[in-house]
Amino acid sequence: MMYFETDDLRQAYVVAKNEMRKFLRGKRFALFVVITIVVFSLVTFLPYIVKHAMDEDIIEILGSAIALHLQFVSFLVLLSATLFASVVIVSEFEERTALILFTRPIKKTSIFIGKVIGCIVLETVVIVLFYICTFVVALVYGEAITIQLFESMGMAVLYIVATSSVVVFISSVMKKGSTCVILTFVLLWMILPIITGIMSLSSIDPWFMLDSAVNAIVPSHLLTEFGFSAPDMVKAAGTMIAWSAVSMVLAWFAFIRREF
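Reading guide: rules and limits
- Counting restarts for each chain: residues are numbered from 1 in the order of the written sequence.
- Per-residue local features are limited, in this predicted model, to residues with pLDDT of at least 70; the limit for side-chain atom pairs, both in listing and counting, is 80 or more; totals at the level of whole chains, interfaces and linings are taken over all residues.
- The basis for every side-chain value is the complete set of non-hydrogen atoms in the structure, without hydrogens or water.
- Counting from the N terminus, the helices are DSSP H or I runs at least four residues long and the strands are E runs at least two residues long.
- Each residue is assigned to one of three classes by its accessible area relative to the maximum for its type, calculated with a 1.4 Å probe on protein chains only: buried under 20%, partly exposed between the two thresholds, exposed over 50%.
- For helices, the fitted line uses only the C-alpha atoms of the stretch in contact; every axis is such a line through C-alpha atoms, and the angle between N-to-C directions lies from 0 to 180 degrees.
- Left-handed describes a crossing in which the near helix is turned anticlockwise from the far one by less than a right angle; the clockwise case is right-handed.
- By definition, residues are in contact when any of their heavy atoms lie within 4.5 Å.
- Salt-bridge detection follows one rule: a side-chain nitrogen of Lys or Arg within 4 Å of a carboxyl oxygen of Asp or Glu.
- Convention used here: angles under 35 degrees read as roughly parallel, angles over 145 as roughly antiparallel, angles from 65 to 115 as roughly perpendicular, and any remaining angle as oblique.
- Amino acids are sorted into nonpolar (Ala, Val, Leu, Ile, Met, Phe, Trp, Tyr, Cys and Pro), charged (Asp, Glu, Lys and Arg) and polar (every other residue, Gly among them).
- Here, the term nonpolar core denotes a set of buried Ala, Val, Leu, Ile, Met, Phe, Trp, Tyr and Cys residues that are joined through side-chain atoms within 4.5 Å.
- A pair of Phe, Tyr and Trp rings is counted when the ring centres sit within 6.5 Å of each other, with Trp represented by its six-membered ring. The angle between the planes then sorts it: under 30 degrees is stacked, over 60 is edge-to-face, the rest tilted.
- Under the convention used throughout, the expected extent of a helix is 1.5 Å for every residue step, that is, one less than its residue count.
- Here the bend at a residue is taken as the angle between two axes, fitted respectively to the seven residues that end there and the seven that start there.

Draft legend 1. Local environment of the overall build of the chain. A tally of helices and strands in the chain yields 13 helices and zero strands. Counting helices and strands in the order they occur from the N terminus, the chain gives α-α-α-α-α-α-α-α-α-α-α-α-α. Considering the chain as a whole, with its 260 residues, one finds that 46% of them fall into the buried category.

Here is the structure:
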């Protein structure tokens, strides 16, 4: 049964802290930070450097610094899930470090929750910093910081939890980290978009698909301003929560039953 006591929470906190420390010292986090900085820099400066060579309609769209930056949030979230969540569980078995953890007086559930929380917190911090920098750029260009932008950040956090939950489930059943990374990439970047695309072409509303719900990250007033239909925020949030809950329960169940 999945229940928690005070000491279990403390143990989960220690595991989460160690997990974040491990990622911070690793090459994956450095790579993610570098890619995030490169993406932010290109999106911030490149459009205005080549602005004179663009069509007026494109210039009008690029006039919204917020809209332009938020288009890349989903990419960064998927990248973070691929780099971190895909190895957060499988690495313990591949590197045999779980043998040490399992012999200590700590519940498997505490280990699982601690590792997942550490991973998600680290991903969230980077994405929130991306939002803060985007807000600064928007203020520089005279754009207003509205409540919808904070709603967007909330949706981005939900998307982090949802994608990480799906990937943690994959990580809980795989034997090799490299295989898990490849499967994560194929699932999130190819399979889900293909399924959603086919549904759309078949006149089926794919609102329950995770990669469809991510459209809610861009504030609705910015989408409608540029001629796109605004997604249902409640449906999008519910979809992400449902994917998170189901995937996390399956991942936990697979983890506690897993043996060497």
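There is more to say after this.
Draft legend 2. Structural context of the packing of helix H9 (residues 147-173) against helix H10 (residues 177-201). One can describe the packing of H9 onto H10 by two numbers: an axis separation of 10 Å at closest approach and a directional angle of 145 degrees. In this structure, H9 crosses over H10, and the sense of that crossing is right-handed. Here H9 contributes Val 166, Val 167, Ile 170 and Ser 171 to the contact with H10, which in turn contributes Cys 180, Leu 183, Thr 184, Leu 187 and Leu 188.

Draft legend 3. How the structure looks around the pattern of salt bridges. Summed over the entire model, instances satisfying the criterion amount to two salt bridges. Here Lys 22 makes a salt bridge to Glu 19, at a shortest N to O gap of 3.3 Å. You can see Lys 22 and its partner Glu 19 sitting in helix H1 (residues 6-25), three residues apart, about one turn around the helix. Residue classification places Lys 22 among the partly exposed positions, given a relative accessible area of 38%. Glu 19 sits in the buried class, given a relative accessible area of 4%.

Draft legend 4. Focus on the packing of helix H5 (residues 73-85) against H10. At a minimum axis separation of 9 Å, H5 and H10 run at an interaxial angle of 155 degrees. If you check the angle between H5 and H10, you find them roughly antiparallel. Crossing hand, H5 versus H10: right-handed. Side by side, H5 and H10 meet where Phe 75, Leu 78, Leu 79, Ala 81 and Thr 82 of the first sit next to Val 181, Thr 184, Leu 188 and Trp 189 of the second. Residue composition of the contact of H5 with H10, by class: seven nonpolar, two polar and no charged.

Draft legend 5. Highlighting the nonpolar core. Val 73, Phe 112, Ile 127, Tyr 131, Tyr 159, Val 168 and Ile 217 are the most contacted members of the largest nonpolar core, which totals 71 residues. No other element matches the 14 residues that helix H8 (residues 108-140) contributes to this core. Look past the residues within four positions of Val 73 in its chain and what remains in contact with it is Ile 127, Phe 130, Tyr 131, Ala 156 and Ile 217.

Draft legend 6. Local environment of the side chain of Ser 152. Mapping Ser 152 onto the fold places it in helix H9. Overall, the relative accessible area of 1% leaves Ser 152 in the buried class.

Draft legend 7. Looking closely at the packing of aromatic side chains. According to the stated counting rule, one finds ten aromatic pairs in the structure shown. Ring centres 5.6 Å apart and planes at 85 degrees place the aromatic pair Phe 32 and Phe 84 in the edge-to-face group. You can see Phe 32 sitting in helix H2 (residues 27-49) and its partner Phe 84 sitting in helix H5, a full 52 residues away along the chain. What makes Phe 84 buried here is its relative accessible area of 1%.

Draft legend 8. Representation of H10 in the model. Under the 1.5 Å per step criterion, the end-to-end length of H10 is 35 Å for 25 residues, consistent within 8% with the ideal 36 Å. Along H10, the helix axis deviates most sharply at Leu 187, where the bend reaches about 40 degrees. Every buried residue of H10 is accounted for by Gly 177, Cys 180, Thr 184, Leu 187, Leu 188, Leu 192, Thr 196 and Met 199. In this fold, the buried residues of H10 make contact with H5, helix H6 (90-94), H9, helix H11 (210-213) and helix H13 (233-257). Downstream of H10 by a residue or two, Ser 203 has a phi angle that is positive, lying close to 65 degrees.

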